[in-house]
Amino acid sequence: MQRFLNKHPTWAVFILLAAALLAWLVFSVWPEWLIDLIGRKKTFVHTLINGLTLGGLYFLVASGFTLIFGLMRNVNLAHGTMYLLGAYIGYEVAEFSNNWFLGLIAAFIAVGLSGMLMQLFVFRRMEGDDLRQTLVTIAISIIAADLMLAIWTGTTYQFTPPEWLFGSVTLPIVSVIKSSGEAVYLKYPLYRLAVLVLSMIVGIALWLFLNRTRAGMMIRAGVNDREMLSASGVNVQLVFMLVFAVGAGLAGLAGVVGGTALSIAPGEDIRYLLASLVVVIVGGLGSITGAAIGALIIGLAEQFGLAYFPTYGVVITFLIMVMVLAIRPQGIMGK
Amino acid sequence: MKTQHGISEQLLAKGSPSLWLLLAFLLIYPAISNDFFTFQIGAYSLILGTISLSLMMLAGYGGMVSLAQLTVAGLAGYLMAIFGENSVGVMGFGWPWWVTSVWAIFLAALFSAFIGAISVRTEGIYTIMITLAIAVAFYFFVRQNYVLFNGWTGYAGIEPPTILGIYWRNPVPFYFLSLAVAALFCGAVVYCSRSTFGLALQAIRDNPRRMRSLGYNVALHRVIAYFLSGIIAATAGVLLVWFNGRISPGSVSVGVVIDILVIAVLGGLRHPIGPFIGAIAFVLLENFAIDLIDRERFNTVIGLVFLLVVLYSPDGLLGLWGKIRMRMMNSGKTGPNETRGEIGSKSADSIETS
């Protein structure tokens, strides 16, 4: 913090000012002229929180993608497929056991296992050949998408999350003050806030795992220098499988979380593949922090685009990507 | 560079009998087949092959695997509907066909150059990611935008013109139109690969740093390659929209984008003839695999074929054929052929950018 302040004083002031402006926008009661300018406060705050939760969901998906790339230089274009597979498996288990959390865990484990098998039987055979690995992930995603369509058909599925996660909470944010002087508070679905909290927990857990455990140390060492790591007696293949399992498992977990927030249907795999691609291109490939920043930017951009420029929403996401590529081709946190 | 193409190069060298045989077959093909085979198989393969050719040119000579080639073709198709005539009642400025097609191809090629400009600063695997992101973003954009692209419905009623009293959507004329375009671009790509520009591009593929220090403008070469390949893809896109008569987000969806990559890899990225072989195999599978399995499961079949090709024959069908031929020649006689085989197998690595 201190170092950042000393190094980039202008940026620090700019960020502080922006944060202050945002806090004012969220917590104050909007004057008339502002409402005339950008519409009702309710829309704005809702869009903001929607963007944050969507960013959280995108982080869950993209962190696995970036983790796998960081260590193995493997661009896993079947990542969206793993998201969808996790959603379907989670749905089946949750329906069968009547327990949403069991579905969540089952999706994590099952998709993690499938990732492990892919690493063991496919990617290990073509190490260091990234183009072929990528082509193989494309082939796998074509086949898997088709098989999933065969099993679960084109129907849209809807999770039933536990009772206490349903419903909405009243936020301590005043939306308008009625003529009677009574303040109206904003309401927001509890589940979506839970998504945001969950993604934060996952982010922190991932950070602790990478920075505070022995396995995490090996992974970080592997990111820096794979050969040296294996030369120092670590079974690199085992580390690879672990990372692939965690990365794929996160996609599966995100499938259940995202499937509950929205719904599960064929085609969602492509949506989340695009999200992970753009998030890691913007945030920087291979960096977890980058994935968090990218996910936040893209989630917010998408929701604000949807709310304020309905038919050009995608263009905003696209422009952000182009801008980042033009200024910093390696992404915001990329090396 | 000649060794790069190995056997297919010798086989299709200027004036070789195989080349003339192939041309003769392509010319009499409509006479010996029915309308279905001429139009749905022949012309369609040629169009898909031409789009894949633009990918082959970028990937094979430039080392840039772009997944946005179909998007460029799709944009050209949309532009035909927007500036030309359509039956939907949205846009449709009704420009004459020759202005529209030239304008559409030019704009789409500019779009391709723009994609190139975005992605050239990064290398290798990044290119696939960026171009795939662009392709998917384009799909979602045309799907949700009603003002320009008429959203989910897209456009219909886009007709090729009637010139010289011939209606060009009839199977035989359309086949020859596609054949002419395909042959023109195939020849252009071969010519281009031997030109100074093409040689520089291939050198950049093999070692961008060295070329940079030799004073070549690496980024510019790549962007120009994107522009040229954009012209190929866009022209094929115009043909494709005439072939289908309509265009909608489904025509530029990720599945189709990937199909183009599948075709190019299936045929082989070494020689311009590869994409066409891949396209024929793909279209035949698409049409006749349903006799063997459920129509719904076509994607599983094509995915498996693609997986097998990537796993066991990275050079595609072209490479497979080369291998078989090599083995036959080697079993007959030994000596100089073996050395040639080694060169051929070594060059298998050169698509990967370093």
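Cut-offs applied
- Residues numbered from 1 in each chain as written.
- Chains lettered and ligands numbered in written order.
- Predicted model: local features only at pLDDT ≥ 70, side-chain atom pairs only at ≥ 80, totals over all residues.
- Heavy atoms only, no water.
- Helix = DSSP H or I, 4+ residues; strand = E, 2+ residues; numbered from the N terminus.
- Buried < 20%, exposed > 50% of the residue type's maximum accessible area, 1.4 Å probe, protein only.
- Contact = heavy atoms within 4.5 Å.
- Areas by Shrake-Rupley, 256 points an atom, 1.4 Å probe, with all protein chains shown as cover.
- Rg over C-alpha atoms; globule rule 2.2 N^0.38 Å.
- Salt bridge = Lys/Arg side-chain N within 4 Å of Asp/Glu carboxyl O.
- Disulfide = S-S within 2.5 Å.
- Polar contact = N/O pair within 3.5 Å; in protein donor to acceptor, adjacent residues only side chain to side chain.
- Axes fitted to C-alpha atoms, helices over the stretch in contact; angles between N-to-C directions.
- Left-handed = near helix turned anticlockwise from the far one by under 90°.
- Nonpolar A, V, L, I, M, F, W, Y, C, P; charged D, E, K, R; others polar.
- Expected span 1.5 Å × (residues − 1).
- Pairing = 2+ DSSP bridges.
- Phe/Tyr/Trp six-rings, centres within 6.5 Å; stacked < 30°, edge-to-face > 60°.
- pLDDT = per-residue confidence, 0-100.
- Core = buried A, V, L, I, M, F, W, Y, C linked by side-chain atoms within 4.5 Å.
- Patch = residues over 30% accessible without salt bridge, like charges linked within 9 Å, V, L, I, M, F, W, Y side chains within 5 Å.

> It is not clear to me how the overall build of chain B should be interpreted in this structure. Could you clarify?
Counting its regular elements, chain B contains 15 helices and four strands. Taken across its 354 residues, chain B has 55% of its residues classed as buried. Sequence separation of 24 or more characterises 75% of the internal contacts of chain B that already satisfy a separation of 6 or more. Of the roughly 15,300 Å² that chain B leaves accessible, carbon and sulfur atoms contribute 67%.

> I would appreciate a short explanation of the overall build of chain A in the present structure.
Secondary structure assignment for chain A yields 14 helices and two strands. Rg of the C-alpha trace for chain A: 21 Å, near the compact-globule value of 20 Å for 335 residues, within the 12% margin. If one aligns the C-alpha atoms of chain A with their principal axes, the spans along those axes are about 70 × 55 × 35 Å. The buried share of chain A, reckoned over its 335 residues, is 51%. Taking contacts inside chain A between residues at least 6 apart in sequence as the whole, the part at least 24 apart equals 72%.

> Is there a simple way to explain the pattern of salt bridges in this structure?
Working definition: two side chains of opposite charge can pair if their charged atoms are close together. Residue and element names in this part refer to chain B. Throughout the structure, instances matching the rule amount to four salt bridges over all chains. Across the pair Arg270 and Asp315 runs a salt bridge, and its minimum N-O distance is 3.2 Å. Taken together, the residues span a long stretch of sequence, with Arg270 in the loop between α11 (254–267) and α12 (273–292) and Asp315 in the loop between α13 (298–312) and α14 (316–332) at a distance of 45 residues. Arg270 sits in the buried class, given a relative accessible area of 9%.

> Sorry if this is basic, but what is going on with unusual backbone geometry here?
As a rule of thumb, non-glycine residues mostly have phi less than zero, and peptide bonds are mostly trans rather than cis. Residues other than glycine seldom take positive phi values, yet Thr153 of chain A does so here, at roughly 50°. By the secondary structure assignment, Thr153 of chain A is in the loop between α7 (130–152) and β1 (168–177). Unusually for a residue other than glycine, Asn150 of chain B sits at a positive phi of about 55°. With respect to the helices, strands and loops of the structure, Asn150 of chain B is situated in the loop between α6 (125–144) and β1 (155–156). A residue is classified by how much of its surface remains accessible, and Asn150 of chain B, at 8% relative accessible area, is buried.

> Which parts of the structure should I look at to understand the state of the cysteines?
By definition, a disulfide links two cysteine residues through a covalent bond between their sulfur atoms. Residue and element names in this part refer to chain B. One pass over the full model with this rule turns up zero disulfides over all chains. Distance from the sulfur of Cys186, which forms no disulfide, to the nearest cysteine sulfur (Cys192) is 13 Å. Note on Cys192: relative accessible area 18%, which makes it buried.

> Help me out: how do you make sense of the interface of chain B and chain A in this one?
Interface size, as often reported, equals the accessible area lost upon joining of the parts. Listed per partner, the contact involves 42 residues of chain B and 44 residues of chain A. Close ionic contact of Arg297 of chain B with Asp146 of chain A constitutes a salt bridge, the shortest N to O distance being 3.1 Å. Viewed at the interface, chain A and chain B are joined by five residue pairs in polar contact (both at pLDDT 80 or more). Looking at the side of chain B that touches chain A, the elements that each hand over two or more residues are α5 (97–119), α6, α11 and α13 of chain B. The leading source of residues in the side of chain B that touches chain A is α6 of chain B, at 13 residues.

> How should I be thinking about the packing of helix α12 (residues 268–283) of chain A against helix α14 (residues 313–327) of chain A in this particular structure?
The relative placement of two packed helices comes down to the angle between their axes together with the axis-to-axis distance. All names here are of chain A. Between α12 and α14, the least distance of the axes is 9 Å, while the angle of their chain directions is 30°. When you trace α12 past α14, the crossing you get is left-handed. Taken together, the residues of α14 that come into contact with α12 (itself represented by Val278, Ile281 and Val282) are Thr317, Ile320, Met321, Val324 and Leu325. Split into classes, the residues belonging to the contact of α12 with α14 amount to seven nonpolar, one polar and no charged.

> Whenever I open this one, helix α11 (residues 236–261) of chain A confuses me. Can you help?
Residues separated by three or four positions in an α-helix point in the same direction, a consequence of the helix having 3.6 residues per turn. Taking 1.5 Å per residue, 26 residues should reach 38 Å; α11 of chain A reaches 37 Å between its end C-alpha atoms and fits that length. Between the side-chain oxygen of the N-cap and the backbone nitrogen of Gln237 of chain A there are 3.2 Å, and the N-cap of α11 of chain A in question is Asn235 of chain A.

> Where do I start with the environment of Thr127 of chain B in this structure?
Residues and elements named next belong to chain B. Counting through the fold element by element, Thr127 comes out in helix α6. What makes Thr127 buried here is its relative accessible area of 4%. Along the sequence, Thr127 and Leu67 sit 60 residues apart, while their C-alpha atoms lie 8.5 Å from each other. Discounting chain neighbours no more than four positions away, the residues touching Thr127 are Met64, Val65, Ser119, Thr122 and Tyr226.

> Looking at this structure, how should I read the pairing of β1 of chain A?
Look at any regular strand and the pattern is simple: side chains alternate between the two faces of the sheet. Residues and elements named next belong to chain A. As paired strands, β1 and strand β2 (residues 183–189) are joined by six bridges and run antiparallel to one another. Looking at the pairing, Ile177 lines up with Ala183 of β2. The turn joining β1 and β2, which pair antiparallel and follow one another in sequence, is formed by five residues; a positive phi near 90° is taken by Gly181.

> Honestly, α14 of chain A in this entry has me stumped. Any pointers?
With 15 residues, α14 of chain A extends 22 Å between its outermost C-alpha atoms, agreeing within 8% with the 21 Å of an ideal straight helix rising 1.5 Å per residue. Inspection of α14 of chain A places Gly313, Val314, Thr317, Phe318, Ile320, Met321, Val322, Val324 and Leu325 of chain A among the buried residues, and these make up the whole buried set. Of the surrounding secondary structure, the elements contacted by the buried residues of α14 of chain A are α12 and α13 (288–308) of chain A together with α5 and α6 of chain B.

> Which parts of the structure should I look at to understand the environment of Leu149 of chain A?
Here Leu149 of chain A shows up in helix α7. For the pair Leu149 of chain A and Ser28 of chain A, spaced 121 residues apart in the sequence, the C-alpha separation amounts to 49 Å.

> Any chance you could explain the packing of aromatic side chains here in plain terms?
Each aromatic ring pair is specified by the distance between its two centres and by the angle formed by the two planes. Enumeration over the complete set of coordinates arrives at 33 aromatic pairs over all chains. Taken together, a centroid distance of 5.1 Å and an interplanar angle of 85° make the contact between Trp100 of chain A and Phe101 of chain A edge-to-face. Its relative accessible area of 7% is what places Trp100 of chain A among the buried residues. Look at Phe101 of chain A and you get partly exposed, because its relative accessible area is 35%. Here the aromatic cluster, defined as three or more aromatic residues joined through ring pairs, consists of Tyr78, Phe111, Phe138, Phe141, Phe149 and Tyr155 of chain B.

> Explain the confidence of the model for chain A to me, please; I cannot follow it from the model alone.
Any segment with low pLDDT has predicted coordinates that should not be analysed in fine detail. Averaged over every residue, the pLDDT of chain A is 86; the share at 70 or more is 100%. Model confidence for chain A, summarised as mean pLDDT per element, is weakest for helix α1 (residues 2–7) of chain A at 74 and strongest for helix α5 (residues 79–97) of chain A at 93.

> Teacher, can you tell me more about the nonpolar core here?
When a protein is soluble and globular, its nonpolar side chains tend to lie buried together. Grouped together as the largest cluster of nonpolar side chains are 194 residues, with contacts concentrated most on Val136 of chain A together with Leu261 and Phe306 of chain B. If you tally residues by element for this core, the top one is α6 of chain B, at 16 residues. Excluding residues that lie within four positions of it along the chain, Val136 of chain A makes contacts with Val122, Phe123 and Met126 of chain A together with Leu307, Val310 and Leu311 of chain B. Grouped together as the second largest cluster of nonpolar side chains are 13 residues, Leu25, Leu171, Leu186 and Tyr188 of chain A included.

> Looking at this structure, how should I read a nonpolar patch on the surface?
Residues Phe309 and Tyr312 of chain A together with Met91, Phe93, Trp95, Trp103, Phe106, Leu110, Val147 and Leu148 of chain B make up a contiguous nonpolar surface patch of about 900 Å² in total accessible area. In this structure, Phe309 of chain A sits in the loop between α13 and α14. Relative accessible area serves as the criterion here: at 47%, Phe309 of chain A is assigned to the partly exposed category.

> Would you explain the confidence of the model for chain B in this entry?
All names here are of chain B. For chain B, per-residue confidence averages 83 on the pLDDT scale, and residues scoring 70 or more make up 89% of the total. Contacts from residues 1–5, a stretch scored under 50 in pLDDT, to residues over four places away or in other chains number 13 contacts. Note on residues 334–354: pLDDT is under 50 here. Beyond four places in sequence and across chains, it has 27 contacts. On the interface metric, ipTM, the complex scores 0.83, and its pTM is 0.85.

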